[in-house]
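Structural features, examined
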Amino acid sequence: MAKIKKKIKTIKIDISKCNGCRACEMICSAFHANPKYSSNNPERSRIRMFREPLNDVYLPVYAGEYAAAECMGRDIYVLDGREYEECAFCRAACPSRDLFHEPDSGLPLKCDMCEDDPPQEVPLCVKWCVNDALVYEEREEEVDEEESIDDVEVGLQSLVDKHGLQKLVETITRMSQKD
Ligand code: SF4
Ligand code: SF4
């Protein structure tokens, strides 16, 4: 298999510096609005804050992969005496929760590291975090060439999982026949 150079993008999260301001959610949802910057809605953000001031919990989490099914069990972490919400550290757009799903359509959301058009050199949530709780790093790795699945395919797969292929095909056919 051919080797290719792959850019690995990392965001280091220092939760001790996060004050729960939610600026990251605001800029992410505004950048991904259609048209761009026309609205903002944290529920559409690809980064979400678990925020419990009484427990001193401020935990930014990035939207990862779409998960068709939930796990058989759930984790609750207690770190340094703080208890985090069930599945708090999980990045999946999973059917067990609304997190990382479009509020209207239920389609899965995934952080694209701000590679959306126009691609950003530094992710916007990192730029907007005035407390430096988020720090961006890049490196290159040599990896085997692999086939990538695009967002449209992942979105369609989630609708197939939810409604069945037949219903989806019928709906798309009906929509394409409308004026
Ligand atoms: S990197 Fe970009 S897409 Fe990902 S959460 Fe931050 S602002 Fe949103
Ligand atoms: S912008 Fe920074 S400080 Fe504000 S909620 Fe996001 S990660 Fe935390």
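Attention here is on the structure that accompanies the text. What you are looking at is a predicted structure, and each value in this text was computed from that prediction instead of being measured.

We now examine the site of ligand 2. Around ligand 2, the neighbouring residues are Cys18, Asn19, Gly20, Cys21, Arg22, Ala23, Cys24, Met49, Pro60, Cys129, Asn131 and Leu134. More than half of the atoms of ligand 2 fall within 2 Å of the grid points belonging to the largest cavity. A per-class count over the shell around ligand 2 returns eight nonpolar, three polar and one charged.

A few words now on the pairing of strand S3 (residues 57-62). Most of S3 is tucked away, with six of its six residues classed as buried. Burial along S3 is two-sided: Val57, Leu59 and Val61 facing one way and Tyr58, Pro60 and Tyr62 facing the other are all buried. Note: strand S2 (residues 47-52) against S3, six bridges, orientation antiparallel. Opposite Phe50, over in S3, you have Leu59 as the bridge partner. Linking S2 to S3, which pair antiparallel, is a turn of four residues; within it Asp56 sits at a positive phi near 60°.

Right, let's talk about empty space enclosed by the protein for a bit. All told, the structure shown has two cavities of 30 Å³ or more when counted by the stated rule. Counted as a void, the largest cavity has a volume near 90 Å³. Lining the largest cavity are 13 residues, with Cys18, Cys21, Cys24, Cys129 and Ala133 positioned closest to its centre. The class makeup of the residues in the lining of the largest cavity is nine nonpolar, three polar and one charged. Approximately 60 Å³ is the volume found for the second largest cavity. Along the walls of the second largest cavity sit Cys28, His32, Arg46, Ile47, Tyr62, Cys111, Asp112, Met113, Cys114 and Cys125, which together make up its complete lining.

About the cut-offs
Residues numbered from 1 in each chain as written. Chains lettered and ligands numbered in written order. Predicted model: local features only at pLDDT ≥ 70, side-chain atom pairs only at ≥ 80, totals over all residues. Heavy atoms only, no water. Near = heavy atom within 4 Å. 1 Å grid on protein atoms, 1.4 Å probe; cavity = no way out; pocket = protein on both sides within 12 Å on 5 of 7 lines; lining within 4 Å. Sits in = over half its atoms within 2 Å of the grid points. Nonpolar A, V, L, I, M, F, W, Y, C, P; charged D, E, K, R; others polar. Buried < 20%, exposed > 50% of the residue type's maximum accessible area, 1.4 Å probe, protein only. Helix = DSSP H or I, 4+ residues; strand = E, 2+ residues; numbered from the N terminus. Pairing = 2+ DSSP bridges. Points joined across faces, edges and corners; volume = space filled by probe spheres on them.

Limitation: the analysis is restricted to geometry and does not speak to function.
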